[in-house]
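If you want the building blocks of each chain, they are given just below.
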Amino acid sequence: MLEIKDAEKTCAQDIYRKCGLDFCGDSDHCMLAKDGEETVGFALFKIADGCITLLKLSAEEPLVLADALLRSALFYAANHGIMEARFASTVNGALIKKLGFCDDPKTGRMNITELFHSCGGCK
């Protein structure tokens, strides 16, 4: 059974390090997708200055997993009052567009309100 949850700090630090990213503390987060004991994907993101910035989305296939990880990260932000969303250059902008969260990947901006609509792009 697939489970996606906010990773514990030490686990998040390890994943950041493996991805070559600096872990800066409470602003850095990792949503971890597990199927039983096996890790099948993750989303790394930073929350700072009223904005969530997606830093890494490990799973691009299947699309439904990528969609679930992205939605989990955005939902975490929305639950903390964050409604501005961006993605870093380390993220595949075409994938974010395909999932329906941005119209123009060149801007690096995501429309977090799409979180509250169906996942039309994950098919």
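Here the structure is a predicted model, which is why all the values come from computation and not from measurement. (Residues numbered from 1 in each chain as written. Predicted model: local features only at pLDDT ≥ 70, side-chain atom pairs only at ≥ 80, totals over all residues. Heavy atoms only, no water.)

Things to note about the packing of aromatic side chains
Next, step 1: Inspection of the entire model under this criterion finds 2 aromatic pairs.
Next, step 2: With 5.2 Å between their ring centres and 85° between their planes, Y16 and F23 make a pair best called edge-to-face.
Next, step 3: Judged by relative accessible area, which is 0%, Y16 ranks as buried.
Next, step 4: A relative accessible area of 21% means that F23 is categorised as partly exposed. (Phe/Tyr/Trp six-rings, centres within 6.5 Å; stacked < 30°, edge-to-face > 60°. Buried < 20%, exposed > 50% of the residue type's maximum accessible area, 1.4 Å probe, protein only.)

Topic: helix α2 (residues 63-79)
At 3.6 residues per turn, the α-helix brings residues three or four places apart onto the same side.
Next, step 1: Helix length check: α2 (17 residues) gives 24 Å between terminal C-alpha atoms against 24 Å at 1.5 Å per residue, within 8%.
Next, step 2: The buried fraction of α2 is high, at 13 of 17 residues.
Next, step 3: Directly beyond the C-terminal end of α2, a positive phi value near 75° is found at G81. (Helix = DSSP H or I, 4+ residues; strand = E, 2+ residues; numbered from the N terminus. Expected span 1.5 Å × (residues − 1).)

A word on the environment of E8
Next, step 1: Along the chain, E8 turns up in the loop between β1 (2-6) and α1 (9-18).
Next, step 2: Under the relative-accessibility criterion, E8 is labelled exposed at 63%.
Next, step 3: Taking the C-alpha atoms as reference points, E8 and T107, separated by 99 residues in sequence, lie 31 Å from one another.

Remarks on the pattern of salt bridges
Next, step 1: Evaluated as defined, the whole model comprises 5 salt bridges.
Next, step 2: Residues K46 and D28 are paired through a salt bridge, measuring 2.7 Å at the closest nitrogen-oxygen approach. Of this pair, K46 sits in strand β3 (residues 38-48) while D28 is found in strand β2 (residues 28-35), placing the two residues 18 residues apart along the sequence. (Salt bridge = Lys/Arg side-chain N within 4 Å of Asp/Glu carboxyl O.)

Observations regarding the pairing of β3
Next, step 1: Taken together, the 8 bridges between β2 and β3 define a ladder with antiparallel strand orientation. The partner of M31 across the bridge, within β3, is A43.
Next, step 2: With antiparallel pairing between neighbouring strands as the criterion, β2 and β3 make up a hairpin whose turn holds 2 residues, including G36 at a positive phi of roughly 70°.
Next, step 3: Bridge count between β3 and strand β4 (residues 51-57): 6 bridges; the pairing is antiparallel. Note on β4: the bridge partner recorded for A43 is L57.
Next, step 4: Count of turn residues in the β3/β4 antiparallel hairpin: 2 residues, of which D49 carries a positive phi of about 55°. (Pairing = 2+ DSSP bridges.)

Section: α1
Next, step 1: Listed in full, the buried residues belonging to α1 are A12, I15 and Y16. Each buried residue of α1 lies within a common arc of 100° when the element is viewed along its axis, so the set occupies one face. Exposed positions of α1 whose direction lies more than 90 degrees from the buried face are T10, R17 and K18.
Next, step 2: For α1, the secondary structure elements touched by its buried residues are β2, β3 and β4.
Next, step 3: Positive phi appears at G20, one or two residues downstream of α1, with a value of about 75°. (Arc of directions from axis to C-beta. Contact = heavy atoms within 4.5 Å.)

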